[in-house]
Protein chains: 2
Amino acid sequence: MTIKAIVFDAYGTLYDVQAVARVTDAAFPGQGDTITQIWRLKQLEYTWLRGLMGRYVDFRTVTRDSLGYTLGTLGLDADSALFDRIADAYNTLSLYPEAVEALGQLAHYRLAILSNGSPDMLDALVRNSGLDRILEAVISVDAKKAYKPDPRAYELIEERLGVPPREVLFVSSNGFDVAGAKSFGFKVARIERVTPAALRQDLTGGARIGPATMFRALRTQTEALGFAADATINSLLALPDAIRSFGD
Amino acid sequence: MTIKAIVFDAYGTLYDVQAVARVTDAAFPGQGDTITQIWRLKQLEYTWLRGLMGRYVDFRTVTRDSLGYTLGTLGLDADSALFDRIADAYNTLSLYPEAVEALGQLAHYRLAILSNGSPDMLDALVRNSGLDRILEAVISVDAKKAYKPDPRAYELIEERLGVPPREVLFVSSNGFDVAGAKSFGFKVARIERVTPAALRQDLTGGARIGPATMFRALRTQTEALGFAADATINSLLALPDAIRSFGD
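All values reported here derive from a predicted model rather than from experimental measurement. Note on numbering: residues in each chain are counted from 1, in written sequence order. Starting at A for chains and at 1 for ligands, labels are handed out in the order in which the entities are written. Local features in this predicted model are restricted to residues whose pLDDT is 70 or higher, and side-chain atom pairs enter the listing and the counts only when it is 80 or higher, whereas totals over whole chains, interfaces and linings include all residues. Side-chain numbers come from the whole structure's heavy atoms, not from hydrogens or water.

This part covers helix α4 (residues 80–87) of chain B. Residue and element names in this part refer to chain B. Accessible area is worked out with a 1.4 Å probe on protein chains only. A residue is then buried under 20% of its type maximum, exposed over 50%, and partly exposed in between. Segments assigned H or I by DSSP are reported as helices when at least four residues long, segments assigned E as strands when at least two residues long, and all are numbered from the N terminus. Residues of α4 that are buried include every one of Leu82, Phe83, Ile86 and Ala87, and no others. Burial along α4 is one-sided: seen end-on, the buried residues are contained in an arc of 135°. Those residues of α4 that are exposed and aimed more than 90 degrees away from the buried face are Ser80 and Arg85. Contact definition: two residues touch when any of their heavy atoms are within 4.5 Å. At its buried positions, α4 is contacted by α1 (21–27), α2 (32–53) and α3 (59–74). Directions drawn from the helix axis to the C-beta atoms are what define this arc.

A few words now on the packing of aromatic side chains. Centres within 6.5 Å make a pair out of two Phe, Tyr or Trp rings, where for Trp the six-membered ring is used; the pair is then stacked when the planes are under 30 degrees apart, edge-to-face when over 60, and tilted otherwise. Inspection of every chain in the model, using the stated rule, returns 24 aromatic pairs over all chains. Ring geometry for Tyr154 of chain A and Phe184 of chain A: centres 5.9 Å apart, planes at 40°, overall tilted. Of this pair, Tyr154 of chain A sits in helix α7 (residues 151–161) while Phe184 of chain A sits in helix α8 (residues 175–184), and the two are 30 residues apart along the sequence. By relative accessible area, Phe184 of chain A is classed as partly exposed at 24%. Seen in terms of ring centroids, Tyr154 of chain B and Phe170 of chain B are 5.7 Å apart; in terms of plane orientation they differ by 90°. Their pairing is edge-to-face. On the criterion of sequence distance, the pair formed by Tyr154 of chain B in helix α7 (residues 151–161) and Phe170 of chain B in strand β6 (residues 168–172) is long-range, its members being 16 residues apart. The buried category is assigned to Phe170 of chain B, whose relative accessible area is 0%. An aromatic cluster is defined as three or more aromatic residues linked by ring pairs; in this entry it consists of Tyr11, Trp39, Tyr56, Phe59, Tyr90 and Tyr147 of chain A.

Turning our eyes to something else, we now look at the side chain of Ser183 of chain B. Along the chain, Ser183 of chain B falls in helix α8 (residues 175–184). A residue is classified by how much of its surface remains accessible, and Ser183 of chain B, at 14% relative accessible area, is buried. Pairs of N or O atoms within 3.5 Å make up the polar contacts considered here, provided that, within protein, one atom can donate a hydrogen while the other can accept it, and that residues adjacent in sequence are counted only when both atoms are side-chain atoms. A distance of 2.7 Å separates polar atoms of two side chains, one belonging to Ser183 of chain B and the other to Arg55 of chain A. In contact with Ser183 of chain B, not counting residues within four places along its chain, are Met53 and Arg55 of chain A together with Phe227 of chain B.

What follows covers the relation of the copies chain A and chain B. Residues below a pLDDT of 70 in either copy are left out; the C-alpha atoms of the rest, at least 70 in both, set the least-squares superposition of the copies. Expressed as a screw transformation, the operator carrying chain A onto chain B has a rotation angle of 180° and an axial translation of 0.0 Å, and the superposed copies differ by an RMSD of 0.0 Å. Such a combination of turn and shift is consistent with a two-fold rotation axis. When C-alpha distances to the rotation axis are compared across chain A, the minimum falls at Gly210 of chain A, with a value of 2.7 Å. Taken together, the interface assignments show that 100% of the residues at the interface of chain A recur at the interface of chain B, consistent with an identical surface on both copies.

Attention now goes to the interface of chain A and chain B. The interface is formed by 48 residues belonging to chain A together with 48 residues belonging to chain B. Take the accessible area each of two parts loses on contact, using a 1.4 Å probe, and add the two losses: that sum is the buried area. Between chain A and chain B, the buried area comes to about 4300 Å², and carbon and sulfur atoms account for 66% of it. By the criterion of area lost to chain B, the three top residues of chain A are Leu52, Met53 and Leu225 of chain A, representing 17% of everything that side buries. The working definition used for a salt bridge is a side-chain nitrogen of Lys or Arg within 4 Å of a carboxyl oxygen of Asp or Glu. At the surface where chain A touches chain B, the tally comes to four salt bridges. As a salt-bridge pair, Arg219 of chain B and Glu45 of chain A come within 3.0 Å of each other at their nearest N and O atoms. Counting every contact that joins chain A to chain B gives 18 residue pairs in polar contact (both at pLDDT 80 or more). At the level of secondary structure, the elements contributing two or more residues to the side of chain A that touches chain B comprise α2 (32–53), α3 (59–74), α8, α9 (196–204) and α10 (211–219) of chain A. It is α2 of chain A that contributes the most residues to the side of chain A that touches chain B, 13 residues altogether. Three classes are used: nonpolar for Ala, Val, Leu, Ile, Met, Phe, Trp, Tyr, Cys and Pro, charged for Asp, Glu, Lys and Arg, and polar for all others, with Gly counted as polar. Among the residues making up the side of chain A that touches chain B, the classes are represented as 23 nonpolar, 14 polar and eleven charged.

With that settled, the discussion passes to the sheet that holds strand β8 (residues 231–233) of chain B. Residue and element names in this part refer to chain B. Spatially, the six strands line up as an open sheet ordered β5-β4-β1-β6-β7-β8, and their pairing is parallel. Since the sheet does not close on itself, it has two edges, and those belong to β5 (137–140) and β8, each with one partner. On average, each strand axis in the sheet is inclined to that of its neighbour by 25°, with strand direction left out of account. Pairing of strand β7 (residues 187–191) with β8, which is carried by three bridges, proceeds in the parallel orientation. Two strands pair under a simple rule: DSSP has to find at least two bridges between them. For helices, the axis comes from a line fit to the C-alpha atoms of the stretch in contact; other axes are also lines fit to C-alpha atoms, and the angle between any two N-to-C directions lies between 0 and 180 degrees.

The definition of a nonpolar core used throughout is a set of buried Ala, Val, Leu, Ile, Met, Phe, Trp, Tyr and Cys residues joined through side-chain atoms within 4.5 Å. In terms of nonpolar packing, the biggest core is built from 185 residues, with Ile6 and Phe8 of chain A together with Ile6 and Phe8 of chain B touching the most fellow members. With residues up to four places along the chain from it excluded, the contact list for Phe8 of chain B reads Leu14, Leu103, Leu106, Leu111, Ala112, Ile113, Leu114, Val171, Leu236 and Leu239 of chain B.

To continue, consider the pattern of salt bridges. Applying the stated rule across the entire model yields 36 salt bridges over all chains. Close ionic contact of Arg64 of chain A with Asp84 of chain A constitutes a salt bridge, the shortest N to O distance being 3.0 Å. Taken together, the residues span a long stretch of sequence, with Arg64 of chain A in helix α3 and Asp84 of chain A in helix α4 (residues 80–87) at a distance of 20 residues. Between Glu155 of chain B and Lys144 of chain B there is a salt bridge; the shortest N-O distance is 3.0 Å. In this pair, Glu155 of chain B sits in helix α7 while Lys144 of chain B sits in the loop between β5 and α7, placing the two residues eleven residues apart along the sequence. Assessed through its relative accessible area of 22%, Lys144 of chain B is described here as partly exposed. Taken together, the shared-partner salt bridges connect Lys42 and Glu45 of chain A together with Arg219 and Glu223 of chain B into one network.

Residue and element names in this part refer to chain A. Within strand β6 (residues 168–172), five of the five residues are buried, which leaves it mostly tucked inside the rest of the structure. Burial of the side chains of β6 extends over both faces: Val168, Phe170 and Ser172 are buried on one face and Leu169 and Val171 on the other. Pairing of strand β1 (residues 5–8) with β6, which is carried by four bridges, proceeds in the parallel orientation. Residue Phe8 lies in a different strand from β6, and its bridge partner there is Val171. With four bridges connecting them, β6 and strand β7 (residues 187–191) associate as parallel partners. Its bridge partner being in β7, Ser172 is matched across the sheet by Arg190. In this fold, the crossover linking β6 to β7 by way of α8 has right-handed handedness. A right-handed crossover is one whose linking path, passing over the helix from the first strand to the second, runs clockwise when the strands point away from the viewer.

Right, let's talk about the sheet that holds β1 of chain A for a bit. Residues and elements named next belong to chain A. Across the sheet, six strands lie side by side as β5-β4-β1-β6-β7-β8; this open sheet has parallel pairing. Of all the strands in the sheet, just β5 (137–140) and β8 (231–233) have a single pairing partner and so form its edges. Adjacent strand axes in the sheet meet at a mean angle of 25°, parallel and antiparallel pairs treated alike. Against the sheet, α7 touches β1, β4 (110–115), β5 and β6, its axis set at about 150° to β4.

Rendered as structure tokens:
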């Protein structure tokens, strides 16, 4: 097998979704972390539930709906300007520090993003971070109106790049996305942003288990869904080594 | 419109899923609440993810997989006898205190359960709690291999009872299930087990936000999915009043 294309998840893999905490905490001091975690948890729940219900709306709408849920649950009021400013934080996420160097090392592969993000969100995100100059394609699941891990979302890679699944390395830090991509038939590298040992320490070390720890317990570990990654690495910079380990 | 059948969700609506905390805390003292919340959160996530992936396994397996995920994340070991004992806690959940009296008030309707639970789990649960003598039908989504809120799950009600959706009152405390049932076309009553005011107090009152509060913040409130219940009540005993308010 020869890998021809490397396709990245965006939110949580190239871009740090926790970066929205700067905006949420500025808007509601002391509650930024709680808002950030509930918001992100509900944002993905809503993609899954709408997928099952057959009630797709784009990720911009899902992001706003889940923010509205979060603020409402906390009893917080935001006027429309503040609400927009918080919601738009997803358009200016920071790249993980190693992302640009890592993509540079992989420039001899075809490089793309496949993301739940709506085309307008992804355009803004990729342009704001300069990745538009590095990536061949930024693919939104919106073209299929099907969120990951629905196989129809992953089909877009072959449709857009012309590369069959067995020649694609899919890269994600999101457990559900790792399982979905592997179930679909890609080679998959999992980026482990939170180690099991560190998380266990937070969960059982006697410290308070707050929203951020609950988020990490729910969404950063390997899912027990029966589809494991081919490689688990702790940085995007380890991708060349992982690819060599596949015998490529 | 005349309501002919009242169909109940099981887990969280007639039966208290938090009752498993007795078993989890006996198994791992001091960590029962954390286990209970992560387990329940992942259990439903796995139904949604498997639905989207097209990788159905029954709810007994999902319940065991999500328990395995939870114990693994916490770094806890359970031998197979202990693991079975914890997993089987879902077969002996307590009814909410008002459930039997409430069902008695509604005996002139056709009464059923529609649940994600596998047939073996539901058989045990309904028999252990005596509801087998009250309910006409206990319907498992397993017949369609599709978890709620997939419309195929809700189709089972008409297929089994012969009652069209507009003549069904669906009752659930689970926000995703309320939205799914309403999207499908039922009349829907939402049981509010946690009030927004009480939850806001827990989230913003300065107290520690622990796993149970995060669970309540994520799974007990009205979802922002665009499909609201026809009535929200705080007890199953209020169903006759709710039905009268529909003009029935």
